[in-house]
Amino acid sequence: MSTETVNPRTEPSRWSKIWNSNMGYSFRKNPVAIFSMAVFLIIAVSAFFAPLIAPYDPYDPASIDIMNSEYPPFWVSGALPEFSLGTDDQGRDLWSTILYGTRLSLLIGICAVALQAFLGISIGLIAGYVGGRVDSLLMRLADIQLSFSTLMVAIIFLAVTQAMFGSETFNQYAVYFLIAVIGVAEWPQYARTVRATVLAEKKKEYVDSARVLGFGPGRIMVRHILPNSLSPIFVISTVQVANAIISEASLSFLGLGMPPSQPSLGSLISSGFDYIFSGSWWITAIPGIVLVVLVLVINLLGDWMRDVLNPKLYKG
Amino acid sequence: MKDMAVQSPLLEIKGLEKRFDLDQGFLETVKFKGGRITRETRSVHAVNNVTLDVNRGEALCVVGESGCGKSTVARLVAGLLTPSAGEIYYEGQRIDDLSRGEIQPLRKKIQMIFQNPYASLNPRMTILQALEEPVRHHNPKFSAAEVRDKVTEVMMSVGVDPTWIKRYPHEFSGGQRQRIAIARALTVDPEFIIADEPISALDVSIQAQVLNLMLEAKESRGLTYLFITHDLSVVEHFGTRVAVLYLGTVCEVADTATLFSNPKHPYTKALLSAVPQLKDDRPNHIRLKGEIPTPINLPQGCPFQSRCIFANDRCKSEKPRAIHQPDGSTVACHALEEGRLDADAPGL
């Protein structure tokens, strides 16, 4: 630095900026959002720290005793005190299995959405910014993709890979297959939203001025247009995480997802389904409630975020 | 005027045309007319055969009603639009058909200031980021300190406190934003600035400040301006020469003093008579009848014929050519050429 004295204002910390922003204010004033966020954080944190919290390791066959199978949760008579939520058909502690299963479901949901977002945002940015034939081509691809239902694509893909690689290999890489198939199947959601925002932003003068300053299209798209298109991306991201978790659960329920040895919420529900009429309803019901609550709070958060970031109500 | 003619102009616009197609898809162009199916494409003729020169060091003002193609001319020169026909030369080099790589050195020389300071700054970038980015982009070898020095220098020159660099555009007023937008254009040390109505979105009290800032920059940096405006009092203050545009066609080009003291084209006369004046106790505005014709179906002949009191049959069939006048101005008008204007003008 040369002679001049530039005294930057003392900047408020990032956290206090977020807390005092419009979004932070609306969050503090919205009990539903606070409640949903709290529930989501409890589920997410306990799932993330599952190895520390869970009393048993459901992936370790040595800690499972088949003789412990189908013990009911603590409030039903006949429960064992060491299995607070009972056990499943293989004698695994249900509480531990749910923690691990939620971790897997969240992981798959978030990674699949990250993949969707990456594909969808890149394609949407290019389609919206370049326009013309590229736009038509990419959007027709998106239309074709949307005309297949996600589950249908996923079922075909997973069934074929399962047949190709055999159950052994498939079970080993099931997480990656699930992330890939859910990620690829839903990118048009992002691509369409991003394209629409880009079309609106592209007409603004700051994009023109960036062009006159000689910046390349890549730089304009990523540094100038993308940061201004983030609000709708946030909103659909939350909804898409919920959708991805449901897709994963459905696929696992159908036996095309996580193997019974590494149960996600969906495969846990599915494994308990066989016992629902023999009285062991908790194997299906408790993971089911966790799944519903998880998806519900994510959707409620998404709803709240959509209201806050709605440009008609507030333009940031 | 003699010595000006020797020096070649900085920017030459030759026969510039821009049409925007209204019917874009193939199916939209197919029409059913008179029992048969034909293909026709309607288009908006925004700029028609505009020829202009901008000399080094001058401020050429382009004036006209809204919708007459002023901004389109600015965007064509800035390279934001590609012309449908015609050529643009900068220092003798043709610039309208360059690729993005070839135009890169010119981006340093030609800069643009936009109309709306609320839209022309990226809302998610701090002032520092907005000003540093072009310096870095065009001077990759600059060190961090040199970039910072340049940013501080331009901010000082536009009268914005350099300690505000960490702020976002929404923390500034319109006038301050426009100063920052000017600072951003100046970061690359341009020699030619296209200003597209830079003050029309500002408060009247701020307009003069920004205008004086631009005049100062013109003196201290030797800038040349292509200044788009619809405000004639600004033109009188700012411009060295004026081009009057009507329906995408140049009516009259003259030195500012000449144009204001002796307007020749009937449209220019009407435009000047519409400027409100303090001494006006008996306003005798020239009232133009009718509306501007739609630029989709341009009238044959002179574009101004439908509202001109001097229009005759020749005006309705033949487009007037720009003709040099003895006082240095250029006017496209049949009536002036034939001397019909000097006759007692009805309504004046």
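Use the structure listed above.
Residues numbered from 1 in each chain as written. Chains lettered and ligands numbered in written order. Predicted model: local features only at pLDDT ≥ 70, side-chain atom pairs only at ≥ 80, totals over all residues.

1. Quick notes on the overall build of chain A
Broken down by element type, chain A carries 14 helices and zero strands. Helices and strands in chain A line up, N terminus first, as α-α-α-α-α-α-α-α-α-α-α-α-α-α. Taken along its principal axes, the extent of the C-alpha atoms in chain A is 75 × 50 × 40 Å. Counting all 316 residues of chain A, 41% fall into the buried class. Considering only contacts within chain A whose residues lie at least 6 apart along the sequence, 69% involve residues at least 24 apart. (Helix = DSSP H or I, 4+ residues; strand = E, 2+ residues; numbered from the N terminus. Buried ≥ 20, exposed ≤ 12 C-beta atoms within 10 Å, placed from the backbone. Contact = placed C-beta atoms within 7 Å.)

2. Topic: the packing of helix H7 (residues 150–172) of chain A against helix H12 (residues 230–253) of chain A
Residues and elements named next belong to chain A. Look at H7 against H12: their axes get within 11 Å of each other, and the N-to-C directions meet at 45°. In terms of orientation, H7 and H12 fall into the oblique class. Taken as a pair, H7 and H12 cross one another with a handedness that is right-handed. Facing H7, whose interface residues are Thr150, Leu151, Ala154 and Leu158, H12 presents Ser247, Ser250 and Leu251. When its residues are assigned to classes, the contact of H7 with H12 shows four nonpolar, three polar and no charged. (Axes fitted to C-alpha atoms, helices over the stretch in contact; angles between N-to-C directions. Parallel < 35°, antiparallel > 145°, perpendicular 65-115°, else oblique. Left-handed = near helix turned anticlockwise from the far one by under 90°. Nonpolar A, V, L, I, M, F, W, Y, C, P; charged D, E, K, R; others polar.)

3. Side note on the interface of chain B and chain A
Across the boundary between the two partners, chain B contributes 25 residues, which contact 21 residues of chain A. Listing elements by their share of the side of chain B that touches chain A, those giving two or more residues are helix H4 (100–109), strand E8 (110–113), helix H5 (127–138) and helix H6 (144–157) of chain B. Here the side of chain B that touches chain A takes four residues from H6(B), the largest share from any one element. The residue makeup of the side of chain B that touches chain A, split by class, is 11 nonpolar, nine polar and five charged.

4. Remarks on the sheet that holds strand E7 (residues 93–94) of chain B
Residue and element names in this part refer to chain B. Across the sheet, which stays open at both edges, the four strands sit in the order E4-E1-E6-E7 with antiparallel pairing between neighbours. Bordering the open sheet on either side are strand E4 (43–54) and E7, each of which pairs with just one other strand. Note that strand E1 (residues 11–21) and strand E6 (residues 85–90) share five bridges and pair antiparallel. Note on E6: the bridge partner recorded for glutamate 12 is tyrosine 89. (Pairing = 2+ DSSP bridges.)

5. Some details on the pairing of strand E11 (residues 241–246) of chain B
Residue and element names in this part refer to chain B. Within E11, six of the six residues are buried, which leaves it mostly tucked inside the rest of the structure. Every second residue of E11 is oriented toward a common face, with Arg241, Ala243 and Leu245 on one face and Val242, Val244 and Tyr246 on the other, all of them buried. Summarising the sheet, strand E5 (residues 59–63) and E11 pair through four bridges and their orientation is parallel. The residue bridging valine 63 from the neighbouring strand is valine 244, located in E11. Note that E11 and strand E12 (residues 249–255) share six bridges and pair antiparallel. Within E12, the residue paired with leucine 245 across the bridge is valine 250. The antiparallel hairpin formed by E11 and E12 contains two residues in its connecting segment, where leucine 247 sits at a positive phi of about 55°.

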